[in-house]
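Spelled out, the chains give:
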Amino acid sequence: PVTAGILVSGRGSNMEALLRAVAAGCLSAHVAVVVSDNPEAPALGKARRYGVETVVADRRAYPDRTAQEGAVASALMVRGVELVLLAGYMRLLRGPLLAAYPGRILNIHPALLPAFPGLHAQRQALDHGAKVAGCTVHFVDAGTDMGPIVLQAAVPVLEDDTEETLAARILVAEHRLYPAAVQLYAEGRLVLEGRRVRILPPPRDRSSRP
Ligand code: GAR
């Protein structure tokens, strides 16, 4: 299994979906550590209940953002983390993590990228009168929510949706999509080809020919 580290800032429901999938044997990953930039994140307590080590890298404890991110990268590297999973980590990456983990950082975003990057994606979708919304798992690069797309799931926008009802519908899809995308990575089935991600078929389809 791939050794993963999960980065969180808040509630941690996507983190929990990943940890649940690992516990259920649906995801061949070992989560070595959960790192939060926010000491108050409810995600930290949830991670400990799954027996996962937690680390806090509080922005206020470091001279600047780059130093904080360097501490996050070190915490991951010393624990042998191979794959970094951003799960509601509300901080733009500034360099150290991208340098330490090129092509090995995934993020989940609550919109059908490249539409509605950044904050309040669900509100942006409503403000634009979108009829379809959804979520995207993508590789992280230097752009904001702009890296190569791995998987997407769509949900309808309903006539009387509020930001909350739409976010809740998207979140259900997120909790299925993220473990599925990480499992593809763990199986070595994601191939980065420039801006595109090619998804290889399962190994049995590749080897056995009648
Ligand atoms: C999720 O909806 C995630 O897609 C979003 O924040 C929420 C975190 O919830 N991420 C972003 O908007 C990143 N730009 P969670 O902490 O319960 O997983």
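Quick caveat, the model's predicted, so the values are computed rather than measured. (Residues numbered from 1 in each chain as written. Predicted model: local features only at pLDDT ≥ 70, side-chain atom pairs only at ≥ 80, totals over all residues. Heavy atoms only, no water.)

**A word on the overall build of the protein**
Phase 1 of the analysis: For the protein, the helix and strand inventory stands at seven helices and nine strands.
Phase 2 of the analysis: Here the C-alpha radius of gyration of the protein, 17 Å, is about what a compact globule of 210 residues would show, namely 17 Å.
Phase 3 of the analysis: The C-alpha extent of the protein, read off along each of the three principal axes, is 50 × 45 × 35 Å.
Phase 4 of the analysis: In the protein, which comprises 210 residues, the share counted as buried stands at 48%.
Phase 5 of the analysis: Partitioning the intrachain contacts of the protein with sequence separation of at least 6 by distance along the chain shows that 62% fall at a separation of at least 24.
Phase 6 of the analysis: As displayed, the protein has an accessible area near 10,400 Å², and 54% of this comes from carbon and sulfur atoms.
Phase 7 of the analysis: The protein carries 23 positive and 20 negative side-chain charges, and their two centres are separated by 5 Å. (Helix = DSSP H or I, 4+ residues; strand = E, 2+ residues; numbered from the N terminus. Rg over C-alpha atoms; globule rule 2.2 N^0.38 Å. Buried < 20%, exposed > 50% of the residue type's maximum accessible area, 1.4 Å probe, protein only. Contact = heavy atoms within 4.5 Å. Areas by Shrake-Rupley, 256 points an atom, 1.4 Å probe, with all protein chains shown as cover. Lys, Arg positive; Asp, Glu negative; His and termini not counted. Charge placed at Lys NZ, Arg CZ, Asp CG, Glu CD.)

**Section: helix 2 (residues 42-49)**
Phase 1 of the analysis: Within helix 2, the full set of buried residues consists of Ala 43, Leu 44, Lys 46 and Ala 47. In a view along the axis of helix 2, the buried residues occupy a sector of 165 degrees, so they form one face of it.
Phase 2 of the analysis: Along its buried surface, helix 2 packs onto strand 1 (2-8), helix 1 (13-23), strand 2 (29-36) and strand 3 (54-56).
Phase 3 of the analysis: A positive backbone phi angle near 75 degrees is found at Gly 51, which sits one or two residues after helix 2. (Arc of directions from axis to C-beta.)

**Focus on the packing of aromatic side chains**
Phase 1 of the analysis: Summed over all chains, the structure comprises one aromatic pair.
Phase 2 of the analysis: An angle of 55 degrees between the planes, with centres 6.5 Å apart, marks the rings of Phe 139 and Tyr 185 as tilted. Of this pair, Phe 139 sits in strand 6 (residues 132-139) while Tyr 185 sits in helix 6 (residues 163-186), and the two are 46 residues apart along the sequence.
Phase 3 of the analysis: Classification of Phe 139 by relative accessible area gives buried; the value is 4%. (Phe/Tyr/Trp six-rings, centres within 6.5 Å; stacked < 30°, edge-to-face > 60°.)

**Observations regarding the UniProt feature "domain: Formyl transferase N-terminal" (unreviewed entry) in the protein**
Phase 1 of the analysis: UniProt marks residues 6-182 with the feature "domain: Formyl transferase N-terminal" (unreviewed entry), using the numbering shown here.
Phase 2 of the analysis: End C-alpha atoms of residues 6-182 are separated by 12 Å, and the span's content is 37% helix alongside 22% strand. (UniProt positions renumbered as here; feature names shortened; annotations may be inferred.)

**Considerations on the layout of surface pockets**
Phase 1 of the analysis: The volume enclosed by the largest pocket comes to roughly 930 Å³.
Phase 2 of the analysis: Lining the largest pocket are 38 residues; nearest its centre among them are Gly 88, Tyr 89, Met 90, Ile 108 and Pro 110.
Phase 3 of the analysis: Elements with a minimum of two residues in the lining of the largest pocket: helix 1, strand 5 (105-109), helix 5 (121-127) and helix 6.
Phase 4 of the analysis: When residues of the lining of the largest pocket are assigned to their parent elements, the largest contribution, six residues, is made by helix 6. (1 Å grid on protein atoms, 1.4 Å probe; cavity = no way out; pocket = protein on both sides within 12 Å on 5 of 7 lines; lining within 4 Å. Points joined across faces, edges and corners; volume = space filled by probe spheres on them.)

**Digging into the sheet that holds strand 4 (residues 83-86)**
Phase 1 of the analysis: Read from one edge to the other, the open sheet built from seven strands follows the order 3-2-1-4-5-6-7, with strand pairing classed as mixed. The outermost strands of the open sheet, each flanked by one partner alone, are strand 3 and strand 7 (149-156). For this sheet the average axis-to-axis angle between neighbouring strands, irrespective of direction, equals 20 degrees.
Phase 2 of the analysis: Pairing geometry for strand 4 and strand 5, over three bridges, is parallel. Its bridge partner lying in strand 5, Val 84 is registered against Ile 105.
Phase 3 of the analysis: Strands in contact with helix 6 are strand 1, strand 4, strand 5, strand 6 and strand 7; relative to strand 7, the strand with the most contacts, it is inclined by about 155 degrees. (Pairing = 2+ DSSP bridges. Axes fitted to C-alpha atoms, helices over the stretch in contact; angles between N-to-C directions.)

**Comments concerning the UniProt feature "site: Raises pKa of active site His" (unreviewed entry) in the protein**
Phase 1 of the analysis: On the UniProt side, "site: Raises pKa of active site His" (unreviewed entry) is annotated at positions that read Asp 145 here.
Phase 2 of the analysis: As for its position among the elements, Asp 145 is in the loop between strand 6 and strand 7.
Phase 3 of the analysis: You can call Asp 145 buried: its relative accessible area is 14%.
Phase 4 of the analysis: Excluding anything up to four places from it in sequence, Asp 145 contacts Asn 107, His 109, Leu 113, Pro 117, Gly 118 and His 138.
Phase 5 of the analysis: At 3.5 Å, the side chain of Asp 145 forms a polar contact with the side chain of Asn 107. (Polar contact = N/O pair within 3.5 Å; in protein donor to acceptor, adjacent residues only side chain to side chain.)

**Considerations on unusual backbone geometry**
Phase 1 of the analysis: Residue Pro 114 is bonded to the preceding Leu 113 through a cis peptide linkage, with omega at 10 degrees.
Phase 2 of the analysis: By the element assignment, Pro 114 lies in the loop between strand 5 and helix 5.
Phase 3 of the analysis: Notably, Phe 116 is not glycine yet its phi reads approximately 60 degrees, a positive angle.
Phase 4 of the analysis: Here Phe 116 is to be found in the loop between strand 5 and helix 5.
Phase 5 of the analysis: The backbone of His 120 sits at a positive phi, close to 55 degrees, despite the residue not being glycine.
Phase 6 of the analysis: Within the secondary structure layout, His 120 lies in the loop between strand 5 and helix 5.

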